[in-house]
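Descriptive structure summary
For reference, the chains in residue letters:
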Amino acid sequence: MSFASSPSQPRRPASGARTRRRSPLLITLLVLVAVVVVVVVASQLGTEVLWFNQLGFGRVLLTEWSTRLVLFVLGFLVMAGGVYASIAVAYRNRPLYAPSTPEQATLDQYREAIEPLRRVVTIGLPILLGLFAGASAAGAWKKVQLALHSQPFGTKDPQFHLDLGFYVFSLPFWRFVVGFLVAVIIVSGLVAIVTHYLYGGIRVGAAAGGRLATTRAARVQLSLTAAALLLSMAANYWLDRYSLLTKNGTDFAGAGYTDVNAVLPSKLILAGIAVLVAVIFVVTAFRGDWRLPVIGVGLMVVAAIAIGGIYPAVVQRFTVNPNEQAKESPYIQRNIDATKTAFGLDDVDDQQYKATTTAQKGALKEDSQTTAQIRLLDPQIVSPSFRQLQQNKQYYDFPDTLAVDKYTIDGKSQDTVIAARELNLAGLGADQQNWTNEHTVYTHGYGVVAAYGNTTTSDGQPAFFERDIPSVGALGAYEPRIYFGQNLPGYSVVGAPKGTQPWELDYPDDSSKGQVNYTYTGDGGPSIGNFASKVAYAIKFGDEQLLFSDRVTSDSQILYDRDPRERVQKVAPYLTLDGRVYPAVVAGRVVWMVDGYTTSNGYPYSTGTALDSATADALTQRSDVIAALAPQEVNYIRNSVKATVDAYTGKVTLYAFDETDPVLKAWQSIFPNTVEPMSQISGALMSHVRYPEDLFKVQRTLLSRYHVDDASRFFLGQDFWSVPKDPTVSTSTGVSAPLQPPYYLTLQMPDQDAPSFSLTSAFVPGGNTDRQILTGFLAVDADAGSEDGKVASGYGKLRLLELPRNATVPGPGQVQNNFNTNASVSEQVGQFQRSNAQVLQGNLLTLPVGGGLLYVQPMYLKSTGDTSFPLLRKVLVGFGDQVGFADTLDEALNQVFKGNSGTSADDSNKGTGGTGESSGSGGSEGPGGTEGSGGSGSASSGAQADLDRALADANQAIQDGQKALTAGDFAGYGAAQKRLQTALEAATAASEKLDGSGSTPSPTSTPTPTGSGG
């Protein structure tokens, strides 16, 4: 019986039958579809080329695309070739005759049905599978490039004594290659089995005498395929030995006692068995007996269960578990050492800190510089204040979370809260929302706004030292236009021919017919002046207006991908970028600062950490511009790149900040001349380099366990900590509060000679406990200095204060509870709330001063109404169980430290109240923007008259303050309090003249009338 029609006997059409003609309409439609697809794809690819070339990173795109293309072709050819060869060989060697059985009769029907489509399946199936395989291979371009450009670490692993570069660069590549080949072999084997069975090369049932029967050709093909699969499995077993060193265990990472003494030998034995069985299959291909390879496979399965599964389990249960601490300690120590090195924790200054909880008079005398820089302005809360006072127009905006930086003002370093005034098209009225306005008129934001971090104006507003439009202040002249930022339109068309009347709105100005216009002169985007580029971008953005608008001229540029983080990610696809981007004024330019990390998950014995969970906190939960990192497991990280994006030109500059990092070196060899050396970082730019938040979050997460560097103590786990929950966030029942974010502030750690701009975090006990005492305090020196091309010696130094185990220093949660339940605080808060005021708790800062831990929290009030905004009204201070609550930090510190803290917090008001100091701001004045006159009025002929006048003014100020508080007028209340203070000072001076005593009553001892707010 023949199994298929002879290929030499083609079927002729029946008499009278007509050959089917293809429809011209169908052909035309197919051609049109093909043309559209080609044009769309060409537009997307072409615009990408234009974008990268304009930025000067065309080499990056070329390298990535060429690598992906080569890998796609290789993956396609290997998979498609393997599948096609399997089908072709099986079909070509099909038997021409076979016994007539019911099974074969059924298969005849299938064969006849498939025969018209056989050529399509033979070619189409390999192509389809090849496309999937090619796409998978192209996605591994980073692994391939890193393997080809691997760099030595100069350190060997403790088990196999191989350079760590093998695990980071080579091992992932070889695992990919072996895994890909296994997939190809399995798929090829399956299609071969199906083809042989369909065409009779494999027979089962009665035709085979009740057993499996194959033709010689089928036996040879399947045996060799099985041998190749087993050899690949042997290679996989071999690589598994090295991968044990990078696995994440339940208690610690890397190979433990059982892995080294049971799993490693078993992998080696299983690899040898796989090779032996592969040889048996090769012999079977030519000797014709299936029994031996079947026995070999059976023995291999038994060995995998017994040697690979049961034996390690027995070793674990009967050797390790009874003596686990002793057996695992050497491997735990490997894990501790590797984790600290991989995450930059191997040089932590860890010291015991015997913190006192008793506040002593004058205790802060030695910490005067730290207390003078305590940041009272909460960047998470004051964004509405920036909007109301400095937004200027509805089409400008500030992010909901502002940035903290430092600037030198009048020769003194000042912690600063800063934000760029960006464009907000949502603020345009309905009649203004059209294509011309949105893409050619409203194209950029304008200027930065900066305020002192440690003080406010007299009525609780931010004290701005850089403000207004046009920009004025302490930062000097700089290019203020923000064409690239975090909240700008998808794209803008800028530029115009010389002599053309400008049409881009620069800024509003009543003296210039309502606004000043501008024409972009930078080089921020690809040219869109020719017809081809217009078509390409019209397709890219799905916007035909680009083809017909008169404002798209031969001198036009198109600005897109304007988010700094997005721009850096595109030109440096190998970097993991920090979730926060912040603006800085550097050498007359506004630049966005972006931190980039090189990472790996192949560092032997290092603990893997999920970046998304490690970097999530209260800030990322609430902010619209700060996000936790994307899900990614890493066990090695370096802040190897500092990037800047010019807010005017969009230029991206990458600087090698850790030039010793082998991963960065590998990428620099892949993309040469794309990363500038550190020597190119100017001193002005270096002064705004900060220690990145996400790296610090990852490090504090690991230090909650890896501050324990002794394997025996680590095994017990009794000294593990956790990061405290943010006590200022209210959550519903059953919902866990987010973690407290780290805070930037200037402070002096116990072993430092002077204060330093730092990033800080606290620790509380770990495990299942609700006891929230403080167990540790971590600070990293975040000040990179201000020298050209040189990082300050202390930058990046981690300092950890460990509190004694028997200490009972309150943690952030306990301190917040003390604040909330304090009688004076709760009474005052109740009065605020009864007057329809919203009480906002600011960030709870922790500082190691006065021999203990000082907590400081600003309290903001916000009245009702659409134009209301937060004003700093009170400051809370905690030290041990003592609580201070006053209008100023100085007063609150004095309350805690028995009337005299020993220092001045320097939170005296730098502004004059309201926004009267700001000319041309155009923003909301806010309620009660001007101060009261205070004082005693006209001069008196005698001290008694002065005293009477001062007491009368004080009484009037008290009454005015009470009325303002009841009405929810907090600015008026603040002005009344200032008048009260002035009157009391005048009364004190008059009293001194009368009695000649010269004694000055302490402000903290002055009784506060009920309802006046202190």
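Okay, so let's go over this structure.

1. Topic: the overall build of the protein chain
Per the secondary structure count, the protein chain includes 27 helices and 33 strands. Classification of the 1014 residues of the protein chain by burial places 54% in the buried group. Excluding contacts between residues fewer than 6 apart, the proportion of contacts in the protein chain whose partners are at least 24 apart in sequence is 70%.

2. Looking at helix H10 (residues 324-342)
Relative to the 27 Å expected for 19 residues at 1.5 Å per residue, H10 spans 26 Å between its end C-alpha atoms, a close match to the ideal helical length. At Pro330, H10 shows its largest kink, close to 40°. When H10 is considered as a whole, its buried residues turn out to be Glu328, Ser329, Tyr331, Ile332, Asn335, Ile336, Ala338, Thr339, Lys340 and Ala342. Those residues of H10 that are buried are in contact with helix H8 (257-287), helix H9 (291-320), strand S22 (636-646), helix H21 (693-706) and helix H22 (711-716).

3. Thoughts on the pairing of strand S18 (residues 582-586)
With respect to burial, S18 is a largely interior element, five of its five residues being buried. Side chains Tyr582, Ala584 and Val586 of S18 all project onto a buried face; the interleaved residues Pro583 and Val585 project onto the opposite face, where all are buried too. Two elements, S18 and strand S19 (residues 589-600), share five bridges in a ladder whose sense is antiparallel. Looking across to S19, one finds that Val585 is bridged to Val590. Hairpin connection between S18 and S19: a loop of two residues separates the two successive antiparallel strands, and Ala587 in this loop has a positive phi of roughly 50°.

4. Things to note about the packing of aromatic side chains
Using the criterion set out here, one finds 38 aromatic pairs in the structure. Aromatic side chains Phe72 and Phe76 sit 6.4 Å apart centroid to centroid with 15° between the ring planes, which places their arrangement in the stacked category. Of this pair, Phe72 and Phe76 both sit in helix H2 (residues 58-92), four residues apart, roughly one helical turn. You can call Phe72 partly exposed: its relative accessible area is 28%. For Phe76, a relative accessible area of 21% translates into the label partly exposed. Taken together, a centroid distance of 5.5 Å and an interplanar angle of 5° make the contact between Tyr744 and Phe757 stacked. Of this pair, Tyr744 sits in strand S25 (residues 743-747) while Phe757 sits in strand S26 (residues 756-765), and the two are 13 residues apart along the sequence. Classification of Phe757 as buried rests on a relative accessible area of 3%. Clustering of aromatic rings is evident, with ring pairs tying together Trp141, Tyr574, Trp667 and Phe671. In this structure, Arg94 is placed above the aromatic ring of Tyr91, and the distance from its NZ or CZ to the ring centre is 3.9 Å.

5. Focus on H8
Helix length check: H8, at 31 residues, gives a terminal C-alpha distance of 44 Å against a target of 45 Å (1.5 Å per residue), a fit within 8%. Within H8, the axis deviates most sharply at Val263, by approximately 35°, and proline Pro265 lies no more than four positions further along. Two residues or fewer past H8, Gly288 is found with a positive phi of approximately 80°.

6. A word on the nonpolar core
Leu546 and Leu654 are the most contacted members of the largest nonpolar core, which totals 146 residues. Ranked by the residues each element gives to this core, the list is headed by helix H6 (residues 164-198), at twelve residues. Discounting chain neighbours no more than four positions away, the residues touching Leu654 are Phe57, Val568, Ala572, Tyr574, Val641, Lys642, Ala643, Thr674, Val675 and Glu676. In terms of nonpolar packing, the next biggest core, distinct from the first, is built from 60 residues, Val809, Phe819, Leu847 and Val875 among them.

7. Considerations on a negative patch on the surface
A cluster of like negative charges, contributed by Asp337, Asp350, Asp709 and Asp710, occupies part of the molecular surface. Residue placement: Asp709 occurs in the loop between H21 and H22. In this structure Asp709 comes out as partly exposed when scored by relative accessible area, which is 44%.

Rules used throughout
Residues numbered from 1 in each chain as written. Predicted model: local features only at pLDDT ≥ 70, side-chain atom pairs only at ≥ 80, totals over all residues. Heavy atoms only, no water. Helix = DSSP H or I, 4+ residues; strand = E, 2+ residues; numbered from the N terminus. Buried < 20%, exposed > 50% of the residue type's maximum accessible area, 1.4 Å probe, protein only. Contact = heavy atoms within 4.5 Å. Expected span 1.5 Å × (residues − 1). Bend = angle between axes of the 7 residues up to and from the residue. Pairing = 2+ DSSP bridges. Phe/Tyr/Trp six-rings, centres within 6.5 Å; stacked < 30°, edge-to-face > 60°. Lys NZ or Arg CZ within 6 Å of the ring centre and 35° of its normal. Core = buried A, V, L, I, M, F, W, Y, C linked by side-chain atoms within 4.5 Å. Patch = residues over 30% accessible without salt bridge, like charges linked within 9 Å, V, L, I, M, F, W, Y side chains within 5 Å. Areas by Shrake-Rupley, 256 points an atom, 1.4 Å probe, with all protein chains shown as cover. Salt bridge = Lys/Arg side-chain N within 4 Å of Asp/Glu carboxyl O. Lys, Arg positive; Asp, Glu negative; His and termini not counted. Charge placed at Lys NZ, Arg CZ, Asp CG, Glu CD.

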